[in-house]
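# Close look at the chain arrangement
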Amino acid sequence: MATFRASPSNSWINHKSSSFNDLCSNSHSRAISSAISRANSRANSNSMMLKKKRSTSNSNSNSKNSISCSLQTTLPFLKEYQPKSTNPTTKTLIPTKETIPNLPSTTKPLPKQQQKWNLLQQAAATALDFVETTLIKQESKHPLPKTSDPRVQIAGNFAPVPEHPVSQNLPITGKIPKCIDGVYLRNGANPLHEPVAGHHFFDGDGMVHAVKFTNGSVSYSCRFTETHRLAQEKALGRPVFPKAIGELHGHSGIARLMLYYARSLCGLVDGTHGMGVANAGLVYFNNRLLAMSEDDIPYHVRITPNGDLTTVCRYDFNNQLKSTMIAHPKVDPVDKNLYALSYDVVQKPYLKYFHFDSNGVKSQDVEIPLAEPTMMHDFAITENFVVVPDQQVVFKLGEMIRGGSPVVYDKEKVSRFGVLSKNAENASEMKWIEAPECFCFHLWNAWEEPENNEVVVIGSCMTPADSIFNECDESLKSVLSEIRLNLKTGKSTRRAIIAESEHVNLEAGMVNKNKLGRKTQYAYLALAEPWPKVSGFAKVDLFSGEVKKYIYGENRFGGEPLFLPNEDSENEDDGYILTFVHDEKEWKSELQIVNAANLKLEASIPLPSRVPYGFHGTFIHSEDLHKQE
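Conventions adopted
Residues numbered from 1 in each chain as written. Predicted model: local features only at pLDDT ≥ 70, side-chain atom pairs only at ≥ 80, totals over all residues. Heavy atoms only, no water. Helix = DSSP H or I, 4+ residues; strand = E, 2+ residues; numbered from the N terminus. Buried < 20%, exposed > 50% of the residue type's maximum accessible area, 1.4 Å probe, protein only. Contact = heavy atoms within 4.5 Å. Areas by Shrake-Rupley, 256 points an atom, 1.4 Å probe, with all protein chains shown as cover. Pairing = 2+ DSSP bridges. Axes fitted to C-alpha atoms, helices over the stretch in contact; angles between N-to-C directions. Core = buried A, V, L, I, M, F, W, Y, C linked by side-chain atoms within 4.5 Å. Phe/Tyr/Trp six-rings, centres within 6.5 Å; stacked < 30°, edge-to-face > 60°. pLDDT = per-residue confidence, 0-100. Salt bridge = Lys/Arg side-chain N within 4 Å of Asp/Glu carboxyl O. Lys, Arg positive; Asp, Glu negative; His and termini not counted. Polar contact = N/O pair within 3.5 Å; in protein donor to acceptor, adjacent residues only side chain to side chain.

## A word on the overall build of the protein
- On a plain count of helices and strands, the protein comes out with 7 helices and 35 strands.
- Of all 629 residues assigned to the protein, the portion counted as buried reaches 61%.
- When contacts within the protein are restricted to residue pairs at least 6 apart in sequence, long-range pairs at least 24 apart make up 64% of them.
- Counting only carbon and sulfur atoms, one obtains 50% of the accessible surface of the protein, whose full area is about 25800 Å².

Pasting the structure below:
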């Protein structure tokens, strides 16, 4: 998210602001060099003190801790990272195995040397902790931009919640349609520890929320996806891995990378099994639920018979997947194959395309030549093609040396789309078609129109293109667009589907999944008004531009609408919208079920836990749950 606006009444983090963009390289270098020198001279004597401190901290790990929050909620940060309390009567319990029953912990255990350091490692840890403290003091002299200020990025209902064990037999208002039998799941960013420096909403640890429907009965639970990153930070009791968006800016970002690599060399942390947070996408494929973020390979999450969630493993498709996978792979509704991309921001090849057949067997990687690493959060498929966006938001790590962000809007670059056969063995046949000034963070669908030699792409074109990542004065505008790529002429056209007089920001949503890659009439998209909050959703007729809105109500906001088709019907819009809605006045959350044909509320289910605003979701039918591996 970008350009969050928080008032003092909904800012809960009680620490000084800091910045990564305005540090002077000379003073920064002197401060770090001086800190390392002082730390090394005292490391041996401090290592025993550190050991004693950790022992004391562990012995107190189950105590209750005060936390202040003007938003009537308690936050699950560990004691040493909680903000100072201004209300001693407000208590929160640290979420441990003792305080939250059935806490899943199936991630591969950390190596022994990480859980029990030798004297040299303790000395190194002391020195590097001292360096980090000095760095934080230096950063605190400058204000953070809104796009990396945690008081803005995770304020209000963007703030995290603790895990919640299964609550059964939830109350229901209205009637649940018979076709809704299975589990609705939604992913989101939910930081385990309070940020000690910059933090972007996208940086949070992955948490999946699950609402299970069984013979008219409903349950709810939410659990962290136990990534290798989360497991290590949980064991250490603090954030130690660099945050890709919130922290890696300018000279301070370089220093944080150096700190991370120093800790890695000393065996204090291990990034060899991935550093991803698995907080964005969810897909059910080949009898497995996969949680994803594009900085890692997926994580396999299992839904238990009673509706709980447990992390199985970091899933590489039986040792077939050797690189990261973006958070929006596509399952073709006809051939049942999974299509995906992988991009690299450091070394070539910057982009690869691959797919898995319905049995989970991977194709060869198709290396797609790019001149520079490009942000590719999403792509599209048609019946015969994959459509790959190569747009103007790129990665330039050298910008950090000059004090800036590595995520850059390149004004000189011309956006384009590549059209490639799904079964291509190399990129030689890819057709690139320019689409100037077009940045789509998400693509909702695409299809072929052979009579016109065109591929039609439906996406939300955002301006300013990099405002999700970098602070700017211009308000974000997201225009639902039809982009036509002519495979014969190599030209493109673009039009706004909705009239300018009726424009609304539309982000996060979907079409009927049974029509993915085929011509569709309707899309169901979040009304991102006032940005970045979602006040409702829109049912958009992609042919006529007609917009029908469903509004959650005063002080009520939600997220991505999930369209669940009625499998017994041929009508494209016969189905139901499932979405989490949060009441910011009452500070309560619920799941709403809305008839997609007439936009009438069918049922609402009050939830026992607050559900923060999040990212993307999916639905798994009960017959598929029984086939889980």
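## Regarding the sheet that holds strand β23 (residues 454–463)
- Strand order in this open sheet of 4 strands is β22-β23-β24-β25, and the pairing throughout is antiparallel. Of all the strands in the sheet, just β22 (440–449) and β25 (492–496) have a single pairing partner and so form its edges. Averaged over all neighbouring strand pairs, the angle between strand axes comes to 25 degrees, with direction disregarded.
- Pairing of strand β24 (residues 477–486) with β25 involves 5 bridges; the strand directions are antiparallel. Bridging from a neighbouring strand, S481 pairs with A496 of β25.

## Quick look at the nonpolar core
- Counting 56 residues, the largest nonpolar core has L480, L506 and V540 as its most contacted members.
- Apart from residues lying up to four places away in sequence, L480 is in contact with W444, I458, G459, S460, R495, A496, I497, I498, L506, L525, V540 and L542.
- The next biggest cluster of nonpolar side chains, apart from the first, holds 41 residues, and it includes V218, A508, I577 and V594.

## Comments concerning the environment of Y576
- Residue placement: Y576 occurs in strand β32 (residues 575–583).
- As for Y576 and N566, which are separated by 10 residues in sequence, their C-alpha atoms are 7.6 Å apart.
- Excluding anything up to four places from it in sequence, Y576 contacts P177, C179, I180, L562, F563, L564, I593, V594, N595, A596 and E602.

## Some points on the packing of aromatic side chains
- All chains considered together, the criterion is met by 13 aromatic pairs.
- Seen in terms of ring centroids, F241 and Y260 are 5.5 Å apart; in terms of plane orientation they differ by 40 degrees. Their pairing is tilted. Of this pair, F241 sits in the loop between α5 (228–236) and α6 (250–265) while Y260 sits in helix α6; the two residues are 19 residues apart in sequence, bridging distant segments of the chain. For the pair F241 and Y260, a shared accessibility class is recorded, and that class is buried.
- Judged by centre distance (4.6 Å) and plane angle (0 degrees), the rings of Y524 and F563 are stacked. Linking Y524 in strand β27 (residues 522–527) with F563 in strand β31 (residues 562–565), this pair joins segments that are 39 residues apart in sequence. F563 shares its class with Y524; the two are buried.
- Following the ring pairs from residue to residue traces out a cluster consisting of F202, F439, F441 and F615.

## Let's talk about the pairing of strand β26 (residues 506–510)
- With respect to burial, β26 is a largely interior element, 5 of its 5 residues being buried.
- Pairing geometry for β26 and β27, over 4 bridges, is antiparallel. Paired with L506 across the bridge in β27 is L527.

## Quick look at the confidence of the model for the protein
- Here the protein shows a mean pLDDT of 79. Residues at 70 or above account for 79%.
- Ignoring residues within four places in sequence, the model shows residues 1–114, a span with pLDDT below 50, making 251 contacts including any to other chains.

## As for the pattern of salt bridges
- Under the defined criterion, the tally for this structure stands at 24 salt bridges.
- Notably, a salt bridge pairs K330 with D378, separated by 2.8 Å at the nearest N-O pair. Taken together, the residues span a long stretch of sequence, with K330 in strand β12 (residues 330–331) and D378 in the loop between β15 (366–367) and β16 (380–381) at a distance of 48 residues. Both residues of the pair, K330 and D378, belong to the buried class.
- The partner of D332 in a salt bridge is R518, and the shortest N-O contact between them spans 3.0 Å. Here D332 is found in the loop between β12 and β13 (338–343), whereas its partner R518 is found in the loop between β26 and β27, with 186 residues between them in sequence.
- Put simply, E449, E454, E482, R484, R495 and K519 are held in one network by salt bridges that share partners.

## Notes on the side chain of E572
- By the secondary structure assignment, E572 is in the loop between β31 and β32.
- Although E572 lies buried, it forms no salt bridge, and the closest oppositely charged side chain, K515, sits 5.6 Å away as judged by the N-O distance.
- Within polar-contact distance, the side chain of E572 engages the backbone nitrogen of Q521 at 2.9 Å.
- Aside from chain neighbours lying at most four places away, what touches E572 is N512, K515, T520, Q521, Y522, Y524 and F563.

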